[in-house]
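Close look at the chain arrangement
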Amino acid sequence: ADGSGATAVTNFKTHPVRFLSAANNGTLCFSYDGQLYTHAGGKSSKLSVVINADARSTNERNVPVGGGVSNMKVSPNGKEVAFIFRGDVFVSNADGIGTKQVTKTPEEEAEISWHADGRMLVYSSERNGKWSIYKSEIVRKEELYFYASTLIKESTLVNAEKSVLNPALSPDGKELSY
């Protein structure tokens with residue numbers, strides 16, 4: 001405890017050893033020059049540390065919609081409005097308080113049609129050099145509205161050899177014309 005009989009276990013010269021801790025088996029762990037080391041059996045070994053991170057940052061921002069909106073369609077229950085803005089599909093509640101971006105693609109979407117139950121949207125999208133028809137559906141049964149949904153699933157509905165456009169669902173939602 002008084003330091004007599006102390007023995008150096010490392011001989012690093014440039015920087016101090018920091019954050020020393022010891023395991024029950026006597027292995028030491030410490031930091032030196034920003035790196036992690038262990039010391040056991042009279043030998044110090046630098047650890048290889050790999051940190052997997054979800055490096056996505058919040059790139060969300062509010063973009064005022066002052067124009068450029070197209071293909072507006074009111075939902076069957078009259079509580080939501082789907083529209084195209086900057087080439088993507090959006091849905092707002094009728095009060096304009098909540099808005100959800102449904103698609104986030106580099107390609108252009110157009111021509112929206114609502115399913116009769118209000119839980120599916122059908123639209124055209126120009127992907128892979130041609131127009132096809134896609135649908136987006138609310139995943140969770142307990143979520144009633146697109147603008148407030150947490151999970152939306154997109155899938156291809158019609159992918160033909162040539163471009164297909166102008167999707168329209170029948171009033172009962174069982175048939176699709178294009």
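Residues numbered from 1 in each chain as written. Predicted model: local features only at pLDDT ≥ 70, side-chain atom pairs only at ≥ 80, totals over all residues. Heavy atoms only, no water.

1. A word on the pattern of salt bridges
What counts is decided by this rule: A pairing counts as a salt bridge when a side-chain nitrogen of Lys or Arg comes within 4 Å of a carboxyl oxygen of Asp or Glu. Here a helix means four or more residues in a row that DSSP labels H or I, a strand means two or more in a row labelled E, and each is numbered from the N terminus. Here's how the labels work: a residue is buried when its accessible area is under 20% of the maximum for its type, exposed when over 50%, partly exposed in between, all with a 1.4 Å probe on protein chains only.
Evaluated as defined, the whole model comprises four salt bridges. Glu154 is paired through a salt bridge with Arg127; the nearest N and O atoms lie 2.9 Å apart. Placement of the pair is Glu154 in strand S12 (residues 152-158) and Arg127 in strand S10 (residues 120-127), with a sequence separation of 27 residues. Judged by relative accessible area, Glu154 falls into the partly exposed class, the value being 33%. Using a relative accessible area of 11% as the deciding quantity, one classes Arg127 as buried. For Lys135, the salt bridge goes to Glu137, with nearest N and O atoms at 3.6 Å. A relative accessible area of 18% places Lys135 in the buried class. Owing to a relative accessible area of 26%, Glu137 belongs among the partly exposed residues under this scheme. Through salt bridges with shared partners, one network takes in Glu109, Arg127 and Glu154.

Function cannot be read off these values alone, since they describe shape.
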